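# Residue-level structure breakdown
Chain by chain, the residues:
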Amino acid sequence: MNWEQLLSLKRSGDNNKRIRKEQDETRLGFEVDYDRIIFSSEFRSLQDKTQVIPLSETDFVHTRLTHSLEVSVVGRSLGRLVGKKLLEKHPHLKSVHGYQANDFGAIVAAAALAHDIGNPPFGHSGEKAIGEFFINGEGQKYKSELSSKEYQDLCDFEGNANGFKILTQSRAGRSGGLRLSYATLGAFTKYPKESLPKKPTKHIADKKYGFFQSEKKAFEDVSNELGLIKRSDADMNYARHPLAYLVEAADDICYTIIDFEDGINLGLVQEEFALEYLINIVRDKIKTENYYALNTKEDRVSYLRALAIGTLINEAVEIFMKHEEDILNGLFDSALLDKSKYEAQINDIIKISIEKIYQSTEVVDKEIAGYGVINTLLSTYTSAVNNCFNNTASNYDKLILKGLPDSINTSDTSMYNRLSSVCYYVSLLSDSKAILDYKKIKGISF
């Protein structure tokens, strides 16, 4: 792969090539991507979607929206630092093509901003709940009418693939979705493969999948423009866009450190753990007199968090540049932080977070409730849509359909498209709206 192609400014529907040197510096194309994402309705709904603690009633716990903004900030720093070093290493990118260090920062910031835009309500348990409906629930009955890859899309419903759908799916008056630059779409796609075969190798890009069957052609268009390396002749599977490693690193840094911080502030993790586990990351930077001068637990943890994030940003940049050649050749097979000298400390923090936060009673109880909500919504909506298609809709089905958007095409001859449209609708619901719809179906609220 080469950076000239990887930094493509092309957008869906473009007839002419966009040249970097011809860009308006006050309204740079990659920065337009950020704007389009942040003003989208799908991004706004993240303010009421779970990050760690579902439906938390406290005012300092992160939602998907605040998490996404923070990942974007970290991603921008990673991109700019890497961009500066790449331009020093490959000066023609600047002298011939006009690329600047901030271009890399803008691409990574936009892709990182959107990285969770496809996540359904109730966090990762929402993804699992949709999958369970088709694996063990009523959705099993549709298996015979789907191809193996279509069925796998539903059984392993993936927020990353759903995000690519949101960013690229055309609808009335919005051809090409948000029409982001292909460089940003490439950086967004951490898993540039389809749902089957599942985990064909231990390569990090094969861990999950990045697009549904319905967006297969759209991703092929993106991959061809960017010159991504094809990793399989039998199935659609490509090497990552190099900047996807930075988007992943930004997310890894934030959820590792900031989820830990949330757990401490909530009292799920003792403050002593913060010093014990974070000190090994920030030992070279911490000023003990400053730390002990802070009066509140929140301020002390915040100080350690800021130092830890800064340390890991610099570490990720160093690892990226060390392995740039392998990354460009599709040979770098792990996350950047898996090569970090702080890997053991990161794993210790994640282990304590799993035990004390992700598996806490508060989280588990609300995830159980989330399963019930999503299962009820999918059962009701898929039945109504398919009964309508088969001309067997009951009066109740017809009432249900009146409350669904026109984007759910009940006359589509494809079972996959009908089921996907229902899953897509449910995935866009905020936690609160999903509960409200559930209560209406159950007759609990009017």
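Look a little higher up for the structure.
Below is a short write-up of the structure.

Conventions used here
Every residue gets a number counted from 1 within its own chain, in the order that chain's sequence is written. In view of the model being predicted, local features appear only for residues whose pLDDT reaches at least 70, and side-chain atom pairs are presented and counted only at 80 or more, with totals across whole chains, interfaces and linings using the full set of residues. Side-chain figures throughout are based on the complete set of non-hydrogen atoms in the structure, without hydrogens or water. Put simply, DSSP marks the helices as runs of H or I at least four residues long and the strands as runs of E at least two long, and each gets a number from the N terminus on. As a reference, a globule follows 2.2 Å times the number of residues to the power 0.38, and the radius of gyration itself is taken over C-alpha atoms. Buried means the residue's accessible area, taken with a 1.4 Å probe over protein chains only, is under 20% of the maximum for its type, while exposed means over 50%, and partly exposed covers the values in between. Between N-to-C directions, angles cover 0 to 180 degrees, with each direction set by a line fitted to C-alpha atoms, over the stretch in contact for helices. Note on terminology: angles under 35 degrees are roughly parallel, angles over 145 are roughly antiparallel, angles of 65 to 115 are roughly perpendicular, and the others are oblique. For a crossing to be left-handed, the near helix must be turned anticlockwise from the far one by less than a right angle; the clockwise case is right-handed. In what follows, a contact means two residues having at least one pair of non-hydrogen atoms within 4.5 Å.

### What about the overall build of the protein chain?
Scanning the protein chain from N- to C-terminus turns up 21 helices and zero strands. At 22 Å, the protein chain has a C-alpha radius of gyration in line with the 22 Å of a compact globule built from 446 residues. Taken over the C-alpha atoms alone, the protein chain extends approximately 70 × 55 × 40 Å along its principal axes. Put simply, the protein chain has 446 residues, and 55% of those count as buried.

### Observations concerning unusual backbone geometry
At the junction of Leu196 and Pro197, the peptide bond is cis and its omega measures out at 0 degrees in the coordinates. A positive phi angle is found at Lys199, which is not glycine, with a value near 45 degrees. Within the secondary structure layout, Lys199 lies in the loop between α10 (182-188) and α11 (216-226). Its relative accessible area of 52% is what places Lys199 among the exposed residues.

### Describing the packing of helix α8 (residues 148-155) against helix α20 (residues 415-428)
Packing of α8 against α20 brings their axes to within 11 Å, and their N-to-C directions diverge by 15 degrees. Taken as axis vectors, α8 and α20 run roughly parallel relative to one another. Pair α8 / α20 crosses with left-handed handedness. Seen from α8, the contacting residues are Glu150, Asp153 and Leu154; seen from α20, they are Tyr416, Leu419, Ser420 and Cys423.

By themselves these figures say nothing about function.
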